[in-house]
Amino acid sequence: MRSSVNIKILILFLGPSLIVLTVFFFLPVIAAFFLSLTDFDIYSLGNISYLRFVGFENYVQLLNDPLFWTALKNTFYFVLVGGPLSVVVSLGTAVLLNSKFVPFKKLFRLIYFLPVVTTLVAVSIVWKYIYHPRFGLLNYFLSLFNIGPLDWLGNPSLAMPSIILMAIWKNFGYNMIIFIAGLQNIPLELYESASIEGANAWQKFKYITIPMLAPTTLFVSVITMIGYFQLFAEPYVMTQGGPLNSTLSIVLYMYQEGFRWWNIGYSTSIAFMLFVIILIGTIIQFKLQKEKYV
Amino acid sequence: MKSILIYQNSYHARITTFPFGKVKVRASSFLICIFLLWSCSQTENKIVTLNFWAMGVEGEVVSKLIPDFEKEFPNIKIKVQQIPWTAAHEKLITAFASETLPDVFQLGNTWIPEFKALNAIAPLNNFINHSSVVSANKYFEGIWDTNVIDSIIYGIPWYVDTRVLFYRKDILESVGYKDPPKTWNELFEMSVKIRDKFKGQTKYAMLIPTNEWVPFIIFGIQNGSSLLKDNDEYADFSGKKFKDAFDFLIKFYRERLAPTDMQQVLNIYQAFAEGFFTFYITGPWNVTEMKKRLPISLQDSWMTAPLPSPDSNYPGYSLAGGSSLVLNKNSKNKIYAWKWIEYLSKNETQLQFYKLVSSLPAVKKVWEDSTFANDPYMRAFYIQLHKTKATPKIPEWEQIVFSKIQQYAEAVATNKMNSRQALNLLDEDANKILEKRRWILSKER
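The structure displayed is predicted, hence computed values, not measured ones.

A. Broad picture of the overall build of chain A. The number of helices and strands found in chain A is 14 helices and 0 strands. Mapped from its N terminus to its C terminus, chain A presents α and β elements in the order α-α-α-α-α-α-α-α-α-α-α-α-α-α. Dimensions along the principal axes, computed over C-alpha positions, put chain A at roughly 80 × 75 × 35 Å. Split into buried and exposed, the 294 residues of chain A put 43% on the buried side. Excluding contacts between residues fewer than 6 apart, the proportion of contacts in chain A whose partners are at least 24 apart in sequence is 66%. Per element, the accessible surface of chain A, about 16,900 Å² overall, is 74% carbon and sulfur.

What follows is the structure in structure tokens.
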């Protein structure tokens, strides 16, 4: 009797969202997986009898595609350099904004959070101007120190660092807010007792703040990693993957294959590769964090 | 769908003539509906709304041509939507997939094969046969040809585009030449002289951007390569004709006649003004830009010329570029949409359009107007437009040139591969892209 009531309530509360999720998420994902086993392209769009089932050929081809490996390498570069940097910057600003010596905390919080809520495309266009080799703000500042001018987005070895810099600026505010919440949850008694024991600020940070923030850090790094693996709008707006494919990310490559050349079958197989990579990354992070703190 | 459109339009049309403009629509909308349906069936004067999509600046400006058209055809209303070029292709294909393509739209003429393969655009032969405005002989041959697939016409050229040689007259004169190069050999000789004149300075004779496929394809076409072979089922880039043309251009990099490091040319107008390069193959939009951006003192020092040729048949071929107007195959308003295409193809409209955006007119007759006769930079384009060729008319072509030719040209220019290796790999990659086409053709046989 009781369980049937429970099921009714469950259906009542979960049903709507489950239906929405099924229609707009699970079904498309399953459909996309089937698409990735076909060679759906512009011909098939015009005439469905031109669709062939190719099994895992798309995946095999993908592993032999040098451009895919370039995209993968660039994406890892972005995630492995940009991700940790972004987390460190967020943590640093969070600690600063949480300390009692900083005035106008709320104002700073607002300023740091503004980029997060600004549209990425608009931000990318503005940064494109900032990075402009001749009229850009950044080169103007550098010229005051007799450095440059550097071609930020035009030089293959500088393009990715430029995009990382912009992405960090754009994203760190979000993680910062989460870190601030985490910091405020650390009981003050811990710091007090540490002070009594004679610990200095760095020791307190290292032995209290960091361990106490472990769950927050795990959450933040997983979210950041997932987000950073999906690098798209920045190179799409600023470099179109160039110069010399040095900013071609996996999602951008997927977009080009899918919507520029309309090789939908092939591009969905890229999507599933990305899914597998993110899954592996998440599992590794969970494992690492567990070993360390639990 | 059509009836809804008509109903909406008669609503807009009526609202100005009937005195219920200020009626509270929410309260009485039902009555209005009934009244309008009734009034609609009463009047014979049906109004058709045509949806028209155009790209870039042309899309912005074309709306200025509409009032005159609507005056001439009071029962047709044109609704323009402007699409930026960078998103045009995706938007059109997505619209096709969701069956929301407009009645009539602009299409880059290299996209026509793709939309034909999709079965999205209507054959126009019947319309042309009954038209007093549009006929094949009014257009430049090579450009018209880009719209014809298996002798069926799918598009009407709206404006045209081709590449010519931009050069610095003063530098060329300083090394002893009065006229621009007419043959490949001359181009090479002049380039060597220019390089030697500026010895010790970082200056080059010619700009051949390594990240552009255009010059490689132009020189290949000029040398008689068909680019693809066997009914366009296989690539022919490693074939002798293309390879010779490719090697000719690569020689410019090897002999330090052209820069391989594109970062040195951040701004081509500034570089052209500084004499960083003397020759550059580019399109009509740069005439406007050069006039605007080069210093006044240099305005007499540059000129345009038709492209040199590998043999004595000057000028050599160039690309047949431009945009065409096409009809949506599923549109119910094709006859009305055709009226709009005809209107845009009239001599007067074409001239008016040129004056608005400087897009080169597709109709030959228009070029006789004094606007063109008085512009020395335009002469080269007029001559060149008589000698253009279409690239292979298959949907895969754009993918081959954009994603592959660029990549290998760059690899050879920067000496990472030799041309034999690169062209063999290029053939391999292109053949892979063409696999589906071979399968479909073998299925149909």
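So, next bit.
B. View of the interface of chain B and chain A. Residue-level contacts link 26 residues of chain B with 27 residues of chain A. Here chain B and chain A share 3 salt bridges between them. Of the charged contacts, one joins Lys 436 of chain B and Asp 39 of chain A as a salt bridge, the two residues approaching to 2.9 Å between their closest N and O atoms. In this structure, the connection of chain B to chain A is made through 10 residue pairs in polar contact (both at pLDDT 80 or more). Among the elements of the structure, α5 (85-97), α6 (112-117), α19 (397-413) and α21 (435-444) of chain B are those that each provide at least two residues to the side of chain B that touches chain A. Here the side of chain B that touches chain A is composed, by residue class, of 10 nonpolar, 5 polar and 11 charged.

C. Seen up close, the sheet that holds strand β2 (residues 76-83) of chain B. Residues and elements named next belong to chain B. The strand order across the open sheet formed by 6 strands is β2-β1-β3-β14-β6-β15, and the pairing between neighbours is mixed. Edge positions in the open sheet fall to β2 and β15 (360-361), since each of these has one partner strand only. Two strands pair when backbone bridges link them, and strand β1 (residues 48-55) and strand β3 (residues 104-108) are joined in this way by 2 bridges, in the parallel orientation. What sits directly across from Phe 52, in β3, is Val 104. Packing of α5 onto the sheet brings it into contact with β1, β2, β3, β6 (156-161) and β14 (321-327), and relative to β1 it is tilted by some 135°.

D. Inspection of empty space enclosed by the protein at higher detail. All told, the structure shown has 1 cavity of 30 Å³ or more when counted by the stated rule. Approximately 70 Å³ is the volume found for the largest cavity. Here the lining of the largest cavity is built from residues that sort into 5 nonpolar, 4 polar and 1 charged.

E. Quick look at the environment of Ala 271 of chain A. Residues and elements named next belong to chain A. Examined against the element boundaries, Ala 271 turns out to sit in helix α14 (residues 264-293). On the basis of relative accessibility, which here comes to 28%, the residue Ala 271 falls in the partly exposed class. For the pair formed by Ala 271 and Lys 100, sequence separation is 171 residues and the distance between their alpha carbons is 46 Å.

F. Representation of the nonpolar core in the model. Formed by 124 residues in total, the largest nonpolar core has its most connected members in Phe 52, Ile 217, Phe 237 and Trp 340 of chain B. Among the nonpolar cores identified, the runner-up in size contains 41 residues, and Phe 78, Trp 152, Ile 164 and Tyr 266 of chain A belong to it.

G. Expanded view of the side chain of Asn 175 of chain A. Residue and element names in this part refer to chain A. Following the sequence through the fold, Asn 175 ends up in helix α8 (residues 156-184). Of the polar contacts made by the side chain of Asn 175, one reaches the side chain of Thr 224; its length is 3.1 Å. For Asn 175, the contacting residues outside a window of four places in its chain are Ser 86, Ser 90, Val 220 and Thr 224.

H. Representation of unusual backbone geometry in the model. All names here are of chain B. Along the chain, Tyr 314 connects to Pro 315 via a cis peptide bond; the corresponding omega equals -10°. Along the chain, Pro 315 falls in the loop between β12 (302-305) and β13 (318-319). For Asn 231, which is not glycine, the phi torsion reads 60° and is therefore positive. With respect to the helices and strands, the residue Asn 231 is situated in the loop between β9 (228-229) and β10 (234-235). Of note in this structure, Asp 232 is not a glycine but carries a positive phi near 60°. Locating Asp 232 in the fold gives a position in the loop between β9 and β10.

I. The arrangement of the sheet that holds strand β8 (residues 206-207) of chain B in detail. Residues and elements named next belong to chain B. Reading across the sheet, the 4 strands line up as β8-β11-β7-β12 and stay open at both edges, with mixed pairing between neighbours. In the strand order of this sheet, the two ends are held by β8 and β12, each with one partner. Where β8 meets strand β11 (residues 279-282), 2 bridges bridge the pair, whose relative direction is parallel. Of the residues in β11, the one forming a bridge with Met 206 is Phe 279.

J. Broad picture of the pattern of salt bridges. Taken as a whole and judged by the stated rule, the model has 18 salt bridges over all chains. The salt bridge partner of Lys 393 of chain B is Asp 145 of chain B, with a shortest N-O separation of 3.3 Å. Here the residue Lys 393 of chain B occupies a position in the loop between β16 (388-389) and α19, and Asp 145 of chain B occupies one in helix α8 (residues 141-145), the gap between them amounting to 248 residues. In this structure, the salt-bridge partner of Lys 291 of chain B is Asp 375 of chain B, at a minimum N-O distance of 3.1 Å. Here Lys 291 of chain B is found in helix α14 (residues 285-293), whereas its partner Asp 375 of chain B is found in the loop between α17 (370-373) and α18 (376-385), with 84 residues between them in sequence. Given a relative accessible area of 38%, Lys 291 of chain B falls into the partly exposed group. According to the relative accessible area criterion, Asp 375 of chain B is buried, its value standing at 10%. Three or more residues joined by partner-sharing salt bridges are found here, namely Asp 39, Asp 41 and Arg 52 of chain A together with Glu 435 and Lys 436 of chain B.

Cut-offs and rules
- Residues numbered from 1 in each chain as written.
- Chains lettered and ligands numbered in written order.
- Predicted model: local features only at pLDDT ≥ 70, side-chain atom pairs only at ≥ 80, totals over all residues.
- Heavy atoms only, no water.
- Helix = DSSP H or I, 4+ residues; strand = E, 2+ residues; numbered from the N terminus.
- Buried < 20%, exposed > 50% of the residue type's maximum accessible area, 1.4 Å probe, protein only.
- Contact = heavy atoms within 4.5 Å.
- Areas by Shrake-Rupley, 256 points an atom, 1.4 Å probe, with all protein chains shown as cover.
- Salt bridge = Lys/Arg side-chain N within 4 Å of Asp/Glu carboxyl O.
- Polar contact = N/O pair within 3.5 Å; in protein donor to acceptor, adjacent residues only side chain to side chain.
- Nonpolar A, V, L, I, M, F, W, Y, C, P; charged D, E, K, R; others polar.
- Pairing = 2+ DSSP bridges.
- Axes fitted to C-alpha atoms, helices over the stretch in contact; angles between N-to-C directions.
- 1 Å grid on protein atoms, 1.4 Å probe; cavity = no way out; pocket = protein on both sides within 12 Å on 5 of 7 lines; lining within 4 Å.
- Points joined across faces, edges and corners; volume = space filled by probe spheres on them.
- Core = buried A, V, L, I, M, F, W, Y, C linked by side-chain atoms within 4.5 Å.

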